[in-house]
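This is what each chain is made of:
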Amino acid sequence: MLDFLALARLNHELAIWRRAWKSPVLWWRDDDAREPTWQLKRLLHVRGELPLTLAVIPDGNMPELAARLEGVEGITIAQHGVDHENRLPAGGARSEFPEWTRQEEINVAVAAGQAKMVSAGLDPRLFVPPWNEPTDMQLTAVAAVGYDTYSTGAFGSPRNGLKHVGAQIDVLRWKGQPHFKGRRRIFDAIRAQLEKRRETGDFEEPIGILTHHLVHD
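Everything numeric in this text was worked out from a predicted model, so none of it was measured.

Engineer: So what's going on with the nonpolar core? Residues and values would help.
Structural biologist: Counting 16 residues, the largest nonpolar core has Leu54, Val56, Leu65, Leu69, Ile77 and Leu122 as the members making the most contacts within it. Mapped onto this core, the elements with two or more residues apiece are strand 1 (26-33), helix 2 (38-47), strand 2 (52-56), helix 3 (62-69) and strand 3 (75-79). Residues within four places of Ile77 in sequence aside, it is in contact with Leu54, Val56, Leu69, Met117, Leu122, Asp123, Pro124, Arg125 and Leu126.

Shown next as structure tokens:
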């Protein structure tokens, strides 16, 4: 019953958009690809012909991943950090780079990850900070290697000269073992994003759906 009510409220909001001659802009980001896996195969099958941004961690098997994606239409590649390893104390902010890391070292690491992807035949078009937690130094490195866009979750914004596109709706709950949030929460989250855009007049701002193909049940 709660799922039905949430869907009814979402459909009501969509009807308001239709009466205003507006269509929502949605995009799909999936994180943590490193190599071809059966989960990636399933993801590519499930998406059908929908466009997908695949956030790739560049410490994996880039040549095999590039070979698997060759000729696949509708895939945009993002660089997903450097190695996705947290080097800060547990329980607080997370980052691939300890607090004492110099800007030059971060620049080199981000550029090296980008180079691995490009040399394998992947063409990253934007940057996705691991854990959706960018630092100013990391984003400075991202701009330095030529990216003009980065993507985080619900609370990102243009920063350090970079454009931002959000992935506001993560379909997973991460407490304990990752698991699906449930349809009611997803419907409510989409409706809230639609209401926000309608009330501010930002009808063209994308609503991002975030998945993680390796851990879905």
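Engineer: Any chance you could break down a nonpolar patch on the surface for me, citing the residues and the numbers?
Structural biologist: The grouping of Met1, Leu2, Phe4 and Leu5 at the surface amounts to a nonpolar patch, some 480 Å² of accessible area in total. Within the fold, Leu2 resides in helix 1 (residues 2-19).

Engineer: Break down the packing of helix 2 against helix 3 for me, citing the residues and quoting the values.
Structural biologist: At a minimum axis separation of 12 Å, helix 2 and helix 3 run at an interaxial angle of 25 degrees. Classified by the angle their axes make, helix 2 and helix 3 are roughly parallel. Considering only the axes of helix 2 and helix 3, their crossing is right-handed. The segment helix 2 lies against helix 3, with Leu40, Lys41 and Leu44 engaging Leu65, Arg68 and Leu69. Considering only residue class, the contact of helix 2 with helix 3 consists of four nonpolar, no polar and two charged.

Engineer: Could you give an account of the pairing of strand 2, with specific residues and numbers?
Structural biologist: Of all five residues in strand 2, five are buried, a share of seventy percent or more. One ladder, built from three bridges, connects strand 1 with strand 2; its direction is parallel. Bridging across to strand 2, Ala33 finds its partner in Val56. Between the parallel pair strand 1 and strand 2, the chain is carried across by helix 2, and the sense of this crossover is right-handed. Looking at chain direction, strand 2 and strand 3 are connected through five bridges and run parallel. Note on strand 3: the bridge partner recorded for Ala55 is Ala78. A crossover links strand 2 with its parallel partner strand 3, the connecting element being helix 3, and its sense is right-handed.

Engineer: Describe the pattern of salt bridges, naming the residues involved and giving the relevant values.
Structural biologist: Applying the stated criterion across every chain yields a total of 15 salt bridges. For the salt bridge of Arg34 with Asp59, the shortest nitrogen-to-oxygen distance reads 2.7 Å. Placement of Arg34 in the loop between strand 1 and helix 2 and of Asp59 in the loop between strand 2 and helix 3 is noted, with a sequence separation of 25 residues between them. The partner of Arg191 in a salt bridge is Glu195, and the shortest N-O contact between them spans 3.2 Å. Note that Arg191 and Glu195 are positioned in helix 6 (residues 183-200) at a spacing of four residues, about one turn of the helix. Under the relative-accessibility criterion, Arg191 is labelled buried at 17%. Salt bridges here are not isolated pairs; linked through shared partners, they connect Arg9, Asp188, Arg191 and Glu195.

Engineer: Can you explain the packing of aromatic side chains? Please cite residues and give values.
Structural biologist: Applying the stated rule across the entire model yields two aromatic pairs. Summarising the aromatic geometry, the rings of Phe127 and Tyr147 are spaced 6.1 Å apart at their centres and angled 55 degrees between planes, so their arrangement reads as tilted. Separated by 20 residues along the polypeptide, Phe127 in strand 4 (residues 124-127) and Tyr147 in the loop between helix 5 (136-144) and strand 5 (149-150) bring together distant segments of the chain.

Engineer: Any details on the layout of surface pockets? Residues and values, ideally.
Structural biologist: As a volume, the largest pocket reaches approximately 380 Å³. Taken together, 23 residues line the largest pocket, and the ones lying closest to its centre are Arg94, Trp131, Asn132, Asp170 and Leu210. The element best represented in the lining of the largest pocket is strand 1, accounting for three residues.

Engineer: Hey, could you go over empty space enclosed by the protein for me, with residue numbers and the actual values?
Structural biologist: Taken as a whole and judged by the stated rule, the model has one cavity of 30 Å³ or more. By volume, the largest cavity is sized at about 30 Å³. Every residue along the wall of the largest cavity is listed here: Arg94, Ser95, Glu96, Pro130, Trp131, Glu133, Thr135 and Gln138. Considering only residue class, the lining of the largest cavity consists of two nonpolar, three polar and three charged.

The rules behind these values
Residues numbered from 1 in each chain as written. Predicted model: local features only at pLDDT ≥ 70, side-chain atom pairs only at ≥ 80, totals over all residues. Heavy atoms only, no water. Core = buried A, V, L, I, M, F, W, Y, C linked by side-chain atoms within 4.5 Å. Buried < 20%, exposed > 50% of the residue type's maximum accessible area, 1.4 Å probe, protein only. Helix = DSSP H or I, 4+ residues; strand = E, 2+ residues; numbered from the N terminus. Contact = heavy atoms within 4.5 Å. Patch = residues over 30% accessible without salt bridge, like charges linked within 9 Å, V, L, I, M, F, W, Y side chains within 5 Å. Areas by Shrake-Rupley, 256 points an atom, 1.4 Å probe, with all protein chains shown as cover. Salt bridge = Lys/Arg side-chain N within 4 Å of Asp/Glu carboxyl O. Axes fitted to C-alpha atoms, helices over the stretch in contact; angles between N-to-C directions. Parallel < 35°, antiparallel > 145°, perpendicular 65-115°, else oblique. Left-handed = near helix turned anticlockwise from the far one by under 90°. Nonpolar A, V, L, I, M, F, W, Y, C, P; charged D, E, K, R; others polar. Pairing = 2+ DSSP bridges. Right-handed = clockwise from strand over helix to strand, strands pointing away. Phe/Tyr/Trp six-rings, centres within 6.5 Å; stacked < 30°, edge-to-face > 60°. 1 Å grid on protein atoms, 1.4 Å probe; cavity = no way out; pocket = protein on both sides within 12 Å on 5 of 7 lines; lining within 4 Å. Points joined across faces, edges and corners; volume = space filled by probe spheres on them.

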